[in-house]
Amino acid sequence: MNLKFYITLLALFFSVINFVSCKTVPISDLTQEDGIARIKKNYEAKEWTEVINNVDEYKTRYPYSQYTQDADLMQGDAYYQSDRYPEAIAVYEDFVRKNPTHSQVALATYRISKCYDFQAPDNIDRDQANSKKALDKFNYYIQNFPKTEWIDEAKQRREVLNRRIADHSEFIAQFYWKKDQYASALSRYLEILKSYSNYGDLVKLAKERASLCYLELAKILEKNPTSDAFVFFKNETPDTLKQKAVEIKN
């Protein structure tokens, strides 16, 4: 009884040792096929850190492997699923650049858009650099991959981002308005009228404020023709500014 128990225990011990030994063999000691198979196994198990590290090691060992494209995509996805968006963008963009005709270019492009979108703040008082990048990428995706399965969501996100950026522009314009910096406020309101004419509420406000800015600048010019407040609108007179104040409201 005791002998049988110890034999069983010994067999179990060597099985564990063998399993651990096989599992911890570095990628560099595996063949190309076995190496990519391990990465795929990690990927299917959602072991994202393992995927990321193993792809780096695999590409170092086999820089010209026929499986490099698969490895790159899995690494990009692993970064994406781990919320490591800057790294995911870098991997996806490199993949798209190197493989412009690959069947997964559309997905990679879409996820680049999503990565920027995820990093963009919802609050309009925050810097919207990532919102603008996401918008540009979504526009590119919509234009170049109009029949892919993510097109409807891309269009929805485009509208959300475009409105957020428009609201951010109005927020900045209002900031200058409250500071009595009428030239800076006016330039922002004019930009809203030019770039966001599809938002009626913003257009109405921008016209009203732009008109008032013209009038305030006319007053400044009457008092001091060399004022710094007028630097952005040279070669104007108080009368031409008053005329523009009337015209812009129509």
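Residues numbered from 1 in each chain as written. Predicted model: local features only at pLDDT ≥ 70, side-chain atom pairs only at ≥ 80, totals over all residues. Heavy atoms only, no water.

*Asks:* Teacher, can you tell me more about the packing of aromatic side chains here?
*Replies:* To describe a pair of aromatic rings, one takes the distance between the centres and the angle between the planes. By the definition in use, this model includes 12 aromatic pairs. A ring pair is formed by Tyr110 and Trp150, whose centres lie 5.6 Å apart and whose planes are at 15 degrees; its orientation type is stacked. Of this pair, Tyr110 sits in helix α6 (residues 105–119) while Trp150 sits in the loop between α7 (129–144) and α8 (151–178); the two residues are 40 residues apart in sequence, bridging distant segments of the chain. Overall, the relative accessible area of 5% leaves Tyr110 in the buried class. Overall, Trp150 belongs to the partly exposed group, its relative accessible area being 22%. Centroid distance Phe175 to Tyr176: 5.5 Å. Interplanar angle 70 degrees. Geometry classified as edge-to-face. For Tyr176, a relative accessible area of 22% corresponds to the partly exposed category. Ring-pair connections join several aromatic residues into one group, and the members of that group are Tyr110, Phe138, Tyr141, Phe145 and Trp150. The ring of Tyr199 has Arg163 sitting right over it, with the charged end atom 4.8 Å from the ring centre. (Phe/Tyr/Trp six-rings, centres within 6.5 Å; stacked < 30°, edge-to-face > 60°. Helix = DSSP H or I, 4+ residues; strand = E, 2+ residues; numbered from the N terminus. Buried < 20%, exposed > 50% of the residue type's maximum accessible area, 1.4 Å probe, protein only. Lys NZ or Arg CZ within 6 Å of the ring centre and 35° of its normal.)

*Asks:* Could you clarify how one ought to interpret the pattern of salt bridges in this entry?
*Replies:* Oppositely charged side chains may form a pair once their charged atoms are brought near each other. Inspection of every chain in the model, using the stated rule, returns 14 salt bridges. Put simply, Asp94, Arg97 and Lys98 are held in one network by salt bridges that share partners. (Salt bridge = Lys/Arg side-chain N within 4 Å of Asp/Glu carboxyl O.)

*Asks:* Looking at this structure, how should I read the packing of α8 against helix α10 (residues 200–223)?
*Replies:* Packed helices, taken two at a time, are described by the angle their axes make and the gap between the axes. Between α8 and α10, the least distance of the axes is 12 Å, while the angle of their chain directions is 25 degrees. Relative to α10, α8 is oriented roughly parallel. The interaxial crossing formed by α8 with α10 has left-handed handedness. Taking contact as the criterion, the partners of Arg163, Ala166, Asp167, Glu170, Gln174 and Trp177 in α8 are, on α10, Asp201, Leu202, Leu205, Arg209, Leu212 and Cys213. The residue makeup of the contact of α8 with α10, split by class, is 6 nonpolar, 1 polar and 5 charged. (Axes fitted to C-alpha atoms, helices over the stretch in contact; angles between N-to-C directions. Parallel < 35°, antiparallel > 145°, perpendicular 65-115°, else oblique. Left-handed = near helix turned anticlockwise from the far one by under 90°. Contact = heavy atoms within 4.5 Å. Nonpolar A, V, L, I, M, F, W, Y, C, P; charged D, E, K, R; others polar.)

*Asks:* Even after reading the chapter, I still don't get the environment of Ala90, so can you show me in this structure?
*Replies:* Take Ala90: it is sitting in helix α5 (residues 85–98). Ala90 sits 22 residues away from Ile112 along the chain, and the two C-alpha atoms are 8.7 Å apart.

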